[in-house]
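Chains, contacts and geometry: an overview
Okay, here's what each chain looks like letter by letter:
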Amino acid sequence: MFEGISGKRAIVTGGGSGIGREICLRFGAAGATVAVCDVAVDAADAVAAEIRKQEGNAHAYKVDVSDFDTVQAVCNQIADDLGGIDILVNNAGITRDNLLLRMSERDFDQVVAVNLKGAFNFTKACCRHMMKSRWGRIINIASVVGQMGNAGQANYASAKAGMIGLTKSAAKELASRNITVNAVAPGFIATPMTEKLDEATRQAYYKAIPLKRAGTPADVANLCLFLASDAASYITGQVIRIDGGMVM
Ligand code: NAP
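An unreviewed UniProt entry annotates the protein as 3-oxoacyl-[acyl-carrier-protein] reductase of candidate division WOR-3 bacterium JGI_Cruoil_03_51_56. One UniProt comment on the protein, placed under Catalytic activity (unreviewed entry), says "a (3R)-hydroxyacyl-[ACP] + NADP(+) = a 3-oxoacyl-[ACP] + NADPH + H(+)". Its UniProt record gives the protein a comment under Function (unreviewed entry), which states: "Catalyzes the NADPH-dependent reduction of beta-ketoacyl-ACP substrates to beta-hydroxyacyl-ACP products, the first reductive step in the elongation cycle of fatty acid biosynthesis."

All right, on to the nonpolar core then. Judged by nonpolar contacts, the single largest core of 33 residues is most densely connected at Ile 11, Cys 75, Ile 78, Ile 85, Phe 122 and Cys 126. At the level of secondary structure, the elements contributing two or more residues to this core comprise β2 (33–38), α3 (68–82), α4 (105–133), α6 (154–174) and β6 (179–186). Ranked by the residues each element gives to this core, the list is headed by α4, at seven residues.

Okay, the site of the ligand next. Residues in contact with the ligand amount to 29 residues; listed here are only the nearest, Ser 17, Asp 38, Asn 91, Tyr 156 and Thr 191. A distance of 2.7 Å separates an oxygen atom of the ligand from a polar atom in the side chain of Asp 38. Here a nitrogen atom of the ligand sits 2.9 Å away from a polar atom, N or O, in the side chain of Asp 64. The cavity where the ligand resides is the largest pocket. Examining the composition of the shell around the ligand, we find that three residues originate from one element, helix α7 (residues 192–195), more than from any other. Looking at side-chain class alone, the shell around the ligand contains 16 nonpolar, ten polar and three charged residues.

Right, let's get into the layout of surface pockets. Counted as a void, the largest pocket has a volume near 1,100 Å³. Taken together, the residues that form the lining of the largest pocket break down as 25 nonpolar, 18 polar and five charged.

Moving on, we come to the packing of α3 against α4. Any two packed helices are characterised by how steeply their axes cross, that is the angle between the axes, and by the distance between the axes. Contact pair α3 / α4: the axes reach a minimum separation of 9 Å and the direction vectors enclose 35 degrees. Crossing of α3 against α4: the hand is right-handed. Between α3 and α4, the residues in contact are Phe 68, Val 71, Gln 72, Cys 75, Asn 76 and Ala 79 and Lys 117, Phe 120, Asn 121, Phe 122, Lys 124, Ala 125, Cys 126 and His 129, respectively. Broken down by class, the residue content of the contact of α3 with α4 amounts to eight nonpolar, four polar and two charged.

What the rule picks out here adds up to three aromatic pairs. Look at Phe 188 and Tyr 206: their rings are 5.8 Å apart centre to centre, the planes differ by 80 degrees, and that puts the pair in the edge-to-face class. Of this pair, Phe 188 sits in the loop between β6 and α7 while Tyr 206 sits in helix α8 (residues 199–208); the two residues are 18 residues apart in sequence, bridging distant segments of the chain. Overall, Phe 188 belongs to the buried group, its relative accessible area being 5%. Residue class for Tyr 206 comes out partly exposed when judged on its relative accessible area of 24%. Clustering of aromatic rings is evident, with ring pairs tying together Phe 188, Tyr 205 and Tyr 206.

Quick notes on the rules
Residues numbered from 1 in each chain as written. Predicted model: local features only at pLDDT ≥ 70, side-chain atom pairs only at ≥ 80, totals over all residues. Heavy atoms only, no water. UniProt positions renumbered as here; feature names shortened; annotations may be inferred. Core = buried A, V, L, I, M, F, W, Y, C linked by side-chain atoms within 4.5 Å. Buried < 20%, exposed > 50% of the residue type's maximum accessible area, 1.4 Å probe, protein only. Helix = DSSP H or I, 4+ residues; strand = E, 2+ residues; numbered from the N terminus. Near = heavy atom within 4 Å. Polar contact = N/O pair within 3.5 Å; in protein donor to acceptor, adjacent residues only side chain to side chain. 1 Å grid on protein atoms, 1.4 Å probe; cavity = no way out; pocket = protein on both sides within 12 Å on 5 of 7 lines; lining within 4 Å. Sits in = over half its atoms within 2 Å of the grid points. Nonpolar A, V, L, I, M, F, W, Y, C, P; charged D, E, K, R; others polar. Points joined across faces, edges and corners; volume = space filled by probe spheres on them. Axes fitted to C-alpha atoms, helices over the stretch in contact; angles between N-to-C directions. Left-handed = near helix turned anticlockwise from the far one by under 90°. Contact = heavy atoms within 4.5 Å. Phe/Tyr/Trp six-rings, centres within 6.5 Å; stacked < 30°, edge-to-face > 60°.

And the structure:
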């Protein structure tokens, strides 16, 4: 029987848009109480309101994941508001694409700060709450690019590869407390992040994907729902690709 996540308390970063939004909605519909965290507070508010409209439980929090002190404070606030933290999805991410020769120091630092340090900040803040209750699920949204590399994305690929190292290290440290830590590595998913790409780039991706379509945020959210559930209790330290067969 598939054990759901009803009654669990979940944090989703970057929950206001794209993949994060869909994860929030799925988790809310599955009976979890969702803390929708985003730097864009209006977007987070809208997602939380949508969950409540469907009779679910959700709260919105404004947080820049790269700000260490704010993250620690917000996570303590969430633990107080929700009575604990069971599930963390580190989903917030940005791209600042450019070829190495043209990539600025700022664009490198920002992408690492949000994608990688943001995941560290939230993991550190949440794991103490999970350790107390001896149950936890941490899901890091990485990317196939963290495994393959990608021209024009040295910053993003480095950050996502770093997330994979963070995932495996945290999985080893936290396993004895019944906390699993896994990375999900999406390929090409139709979201506001990929809407920015030009048609030629989009077509090149479709050509490289055996299933010949972009993934949807729902495809990724379904995998996260499974990983967050008791049905996935023996999976930890893994990188699970969800990419229509693009990398195999
Ligand atoms: P998205 O639609 O741009 O959503 C990302 C969300 O994160 C946005 O709401 C964004 O707010 C928020 N965010 C950005 N910086 C933040 C910060 N410092 N603190 C808190 N929230 C912040 O992107 P997506 O496509 O859903 O991507 C979600 C995750 O999947 C990312 O980690 C991305 O790298 C990963 N991923 C995506 C794809 C894909 O094909 N789409 C593939 C592989 C991996 P603003 O809108 O205000 O910036």
